[in-house]
Amino acid sequence: MPNLTIDGRSVEVPAGTTLLEAAQRLGIYIPRYCYHPKLSVSGSCRMCLVEVEKAPKLVTACSTEAAEGMRVLTASEKVRQARRDVLEYLLINHPLDCPICDQAGECGLQDYYMDYSLRKSRFEAEDKILRQKRRAAGPYLMLDNERCILCTRCVRFCGEVTKTAELEVMERGDRSFIDLKEGRALDNGYSLNIADLCPVGAFTSRDFRFKARAWFLKRTPTICLGCATGCEIEAHHYEGTIYRLVPHPNAETNTWLCDHGRMTYKAVRAGDRLGKALIRKGLIDLEPALRETATRLEEAKGAAAVLGSPWLSVEDNAALARLAKDSVKTANYCFDFSAEQGIKDGILVNKDPAPNTAGTRTVKALYGGLSLEEFTGLLAGGKIKILITEAKAYGLVKAAAEAAGIRLIIFARNRGEAPAAAYAVLPYASYFETEGTFVNYQGLRRMTAAAVEPPQGIKPLWAVVNKLASYSGAELHLDSAPRALKDMDF
Ligand code: SF4
Ligand code: SF4
Ligand code: FES
């Protein structure tokens, strides 16, 4: 455990700790481009130079290990001058793209120039070396070599995290540039992490490109519902529209995000988003649709069935359970879901595509119900006339329901989710628009947060269920999400 002083303050760190990490423990920030806590050290950008007493020259803090008795200076005049020089060097050939660059506002070059340089360039714009400008580097990424500072974070990410090694540094010296290996594209399923990792605007997201300026975006921490891993994310939005999802790195679940998860926000404003209900494929306001549905349920009497969903929050499943027990008054309901869980690709993506299989267990524990096998058998048996469920969960019993010609009442956010044969499709707020509790494959219980407003008139699913029950003559008193969880051991 070496003891050292950094800017006059003592710190004891485990053997092997670098000066950059030791300084971080003291809350001293050392600028960096190539360093990333989850990638190997390359020590190539020189932005982290610090002064060590008795060392003949400045050393890179990211690659120098702390040693007993070291005296380190991170803000001496010598260090400040080195930072100015490194920035001048990095900016010599950097294009004057800031007004049209998507990285502007969150760019490492802009930030450090303001923090450590503010020096006028000694080079004329016409002397700059020109390199290849924008080109697609995969389904989600654009590459602009002229903006690259050759930190190699992108190369190391593809070599060490996805282990797909699509990128390499070509040529030598001032001719070096990042390129895709011949015949390759950045389509490894995690490619958008490279847009986050790239400290400048060399790799940018094709999806986010030219959509919004970084400084306008508001950030709402929430969770991804793309699978049972439940990665922590931030939804970046402006004036009611989500523009991108980025990781919220945390020790429990994720540093990165998969590309599939990043795109889950698209359904919120997709062209087929339901702003009204459908009855026999015809658009209709929610209230008359609920009255119609209540009438059909009344007609079916004991021949109605309710199926929960591992794609819905605990609150929404609990509301469906209350609907079955207290409104439809049937024992024909099921909240029994299981799926193999665990990371399937060694990085993040889960074997279970549903985000709340674990959460539905708490609903089953309180409300009981049939096993999925019994429920499927019941549907196939021909005694059930009407089924209420969520669109993706319907996929689990589709064959039995179709064969038995059962009338379908489907909760769906987008028209494309609902089966064409549905009698009624009832819209509800997405989990980017409302709170909901989800339990991931590790048993971690987290809540989504409302980043944007739902379309006018669209409510959380528990509220739609509450209204449906009232049209059927039962009051569930679900006036808030916590009320739906009231009796749950949670
Ligand atoms: S493209 Fe970005 S991440 Fe890759 S080396 Fe260049 S600056 Fe670094
Ligand atoms: S691994 Fe799953 S939870 Fe994480 S970002 Fe991808 S889809 Fe979302
Ligand atoms: S951060 Fe240390 S050399 Fe780049």
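Along each chain, residues carry numbers from 1 onward, in the same order as the chain's sequence is written. Whichever chain is written first is A, and whichever ligand is written first is 1; the rest continue in order. Note on the predicted model: pLDDT of at least 70 is required for a residue's local features to be given, and 80 or more for side-chain atom pairs to be given and counted; whole-chain, interface and lining totals, by contrast, use all residues. Side-chain metrics rest on all non-hydrogen atoms present in the structure, leaving aside hydrogens and water.

**A look at the site of ligand 1**
Here is step 1: Around ligand 1 sit Cys148, Ile149, Leu150, Cys151, Thr152, Cys154, Ile178, Cys198, Pro199, Val200, Ala202 and Phe203, and that is every residue in its neighbourhood.
Here is step 2: A per-class count over the shell around ligand 1 returns eleven nonpolar, one polar and no charged. For each residue, the test is whether any non-hydrogen atom lies within 4 Å of the molecule or strand; if one does, the residue is near. Gly is put with the polar residues, along with every residue not named as nonpolar or charged; the nonpolar set is Ala, Val, Leu, Ile, Met, Phe, Trp, Tyr, Cys and Pro, and the charged set is Asp, Glu, Lys and Arg.

**Overview of the site of ligand 2**
Here is step 1: Every residue lining ligand 2 is accounted for by Cys224, Gly226, Cys227, Gly230, Cys231, Leu257, Cys258, His260, Gly261, Leu348 and Val349.
Here is step 2: A breakdown of the residues in the shell around ligand 2 according to their chemical character gives seven nonpolar, four polar and no charged.

**Focus on helix 11 (residues 391-404)**
Here is step 1: To obtain the bend at a residue, axes are fitted to the seven residues ending there and to the seven starting there, and the angle between these axes is taken. In this description a helix means any DSSP run of H or I spanning at least four residues, a strand means any run of E spanning at least two, and both kinds are numbered starting from the N terminus. The principal kink in helix 11, of about 75°, is found at Val397.
Here is step 2: Contacts between residues were defined by any pair of non-hydrogen atoms, one from each residue, lying within 4.5 Å. Buried residues along helix 11 sit against strand 16 (304-307), helix 10 (372-380), strand 18 (386-390) and strand 19 (407-411).
Here is step 3: Two to three positions downstream of the cap, the backbone nitrogen of Lys392 sits 3.0 Å from a side-chain oxygen, assigning the N-cap of helix 11 to Glu390.
Here is step 4: Gly405 sits one or two residues past helix 11 and shows a positive phi near 65°. Throughout this description, a polar contact denotes any pair of N or O atoms lying within 3.5 Å of each other; where both atoms belong to protein, one of them has to be capable of donating a hydrogen while the other can accept it, and for residues adjacent in sequence the pair is counted only when both atoms sit in side chains.

**A word on the sheet that holds strand 17 (residues 333-334)**
Here is step 1: Two strands form a pair only when DSSP identifies at least two bridges running between them. Pairing is mixed across the open sheet formed by seven strands, whose spatial order is 15-14-20-19-18-16-17. Looking at strand neighbours, the two that pair on one side only are strand 15 (282-284) and strand 17, the edges of this open sheet.
Here is step 2: As defined by bridge partners, strand 14 (residues 277-279) adjoins strand 20 (residues 424-426) across two bridges and the pair is classed as antiparallel. Residue Leu278 lies in a different strand from strand 20, and its bridge partner there is Val425.
Here is step 3: Each of strand 16, strand 18 and strand 19 is contacted by helix 11, which is oriented at about 145° to strand 18, the strand it contacts most. All axes are obtained by fitting lines to C-alpha atoms, using only the stretch in contact for helices, and the reported angles, taken between N-to-C directions, cover 0 to 180 degrees.

**Re the packing of helix 8 (residues 314-328) against helix 9 (residues 357-367)**
Here is step 1: Running from amino to carboxyl end, helix 8 crosses helix 9 at an angle of 30°, the nearest separation of the two axes being 9 Å. It follows that helix 8 is roughly parallel to helix 9 by the angle criterion. Where helix 8 crosses over helix 9, the handedness of that crossing is right-handed. Contacts from Val314, Asn317, Ala318, Ala321, Arg322 and Lys325 in helix 8 reach Gly359, Thr360, Thr362, Val363 and Tyr367 in helix 9.
Here is step 2: When its residues are assigned to classes, the contact of helix 8 with helix 9 shows five nonpolar, four polar and two charged. For classification purposes, angles smaller than 35 degrees are called roughly parallel, those larger than 145 roughly antiparallel, those between 65 and 115 roughly perpendicular, and all remaining angles oblique. Whether a crossing is left-handed or right-handed is set by the direction in which the near helix is turned from the far one by less than a right angle, anticlockwise for left-handed and clockwise for right-handed.

**A few points about helix 12 (residues 461-471)**
Here is step 1: Burial here depends on accessible area, computed with a 1.4 Å probe over protein chains only, as a share of the maximum for the residue type. Under 20% is buried, over 50% is exposed, and the range in between is partly exposed. Of all the eleven residues making up helix 12, eight are buried; the element is thus mostly covered by neighbouring parts of the structure.
Here is step 2: Buried within helix 12 we find Leu461, Trp462, Ala463, Val464, Val465, Asn466, Leu468 and Ala469.
Here is step 3: For helix 12, the elements touching its buried residues are helix 7 (286-300), helix 8, strand 18, strand 19 and helix 13 (481-484).
Here is step 4: Phi turns positive, to about 90°, at Gly473, one or two residues after helix 12.

**Quick look at the nonpolar core**
Here is step 1: The biggest cluster of nonpolar side chains holds 55 residues, and the ones touching the most others in it are Tyr33, Phe157, Leu167, Leu186 and Phe203.
Here is step 2: Contributing elements (two or more residues each) for this core: helix 2 (77-91), helix 3 (108-117), strand 7 (141-143), helix 4 (153-160), strand 9 (177-180), helix 5 (192-197), strand 12 (232-238) and strand 13 (241-247).
Here is step 3: Beyond its immediate chain neighbours, meaning those up to four positions away, Phe203 contacts Ala137, Leu141, Met142, Leu143, Cys154, Leu167, Ile178, Leu186, Ile194, Ala195 and Cys198.
Here is step 4: Each nonpolar core is a collection of buried residues, namely Ala, Val, Leu, Ile, Met, Phe, Trp, Tyr and Cys, held together in the definition by side-chain atoms within 4.5 Å. Of all hydrophobic cores here, the second largest spans 47 residues; its members include Tyr333, Leu426, Ala481 and Ala484.

**Digging into the packing of aromatic side chains**
Here is step 1: The rule is short: rings of Phe, Tyr and Trp, with Trp giving its six-membered ring, pair when the centres are within 6.5 Å, and they are stacked under 30 degrees, edge-to-face over 60, tilted in between. Tallied over the full model, the rule gives eight aromatic pairs.
Here is step 2: Ring centres of Phe411 and Tyr428 lie 6.4 Å apart, and the angle between their planes is 80°; this geometry places the pair in the edge-to-face category. Within this pair, whereas Phe411 is found in strand 19, its partner Tyr428 is found in the loop between strand 20 and strand 21 (436-439), the two being separated by 17 residues in sequence.
Here is step 3: On the basis of relative accessibility, which here comes to 0%, the residue Phe411 falls in the buried class.
Here is step 4: Exposure remark for Tyr428: the relative accessible area of 0% places this residue in the buried category.
Here is step 5: Every member of this aromatic cluster is reached through a ring pair, and the members are Tyr33, Tyr112 and Tyr116.
Here is step 6: Here the guanidinium or amino end of Arg407 rests over the ring plane of Tyr423, the centre of that ring lying 4.2 Å away. Counted as over-ring charges are cases with an Arg CZ or a Lys NZ within 6 Å of the ring centre that also lie within 35 degrees of the ring normal.

**A few points about the sheet that holds strand 11 (residues 218-223)**
Here is step 1: The strand order across the open sheet built from three strands is 11-12-13, with neighbouring strands paired in antiparallel fashion. Either end of the sheet is taken by a strand with one partner, and the two such strands are strand 11 and strand 13. Strand-to-strand twist of the sheet, defined as the mean angle between neighbouring strand axes without regard to direction, takes the value 30°.
Here is step 2: The pairing of strand 12 with strand 13 spans six bridges and is classified as antiparallel. For His237, the partnering residue across the bridge sits in strand 13 and is Ile242.

**Examining the pairing of strand 21**
Here is step 1: Across the two faces of strand 21 the burial is the same, with Gly436 and Phe438 and Thr437 and Val439 all buried.
Here is step 2: Of the strand pairs in this sheet, strand 21 and strand 22 (residues 445-448) are connected by four bridges, and their pairing is antiparallel. Along strand 22, the bridge assignment pairs Gly436 with Thr448.
Here is step 3: Turn length for the strand 21-strand 22 hairpin, with the two strands adjacent in sequence and antiparallel, is five residues, and the turn residue Gly443 shows positive phi of about 90°.

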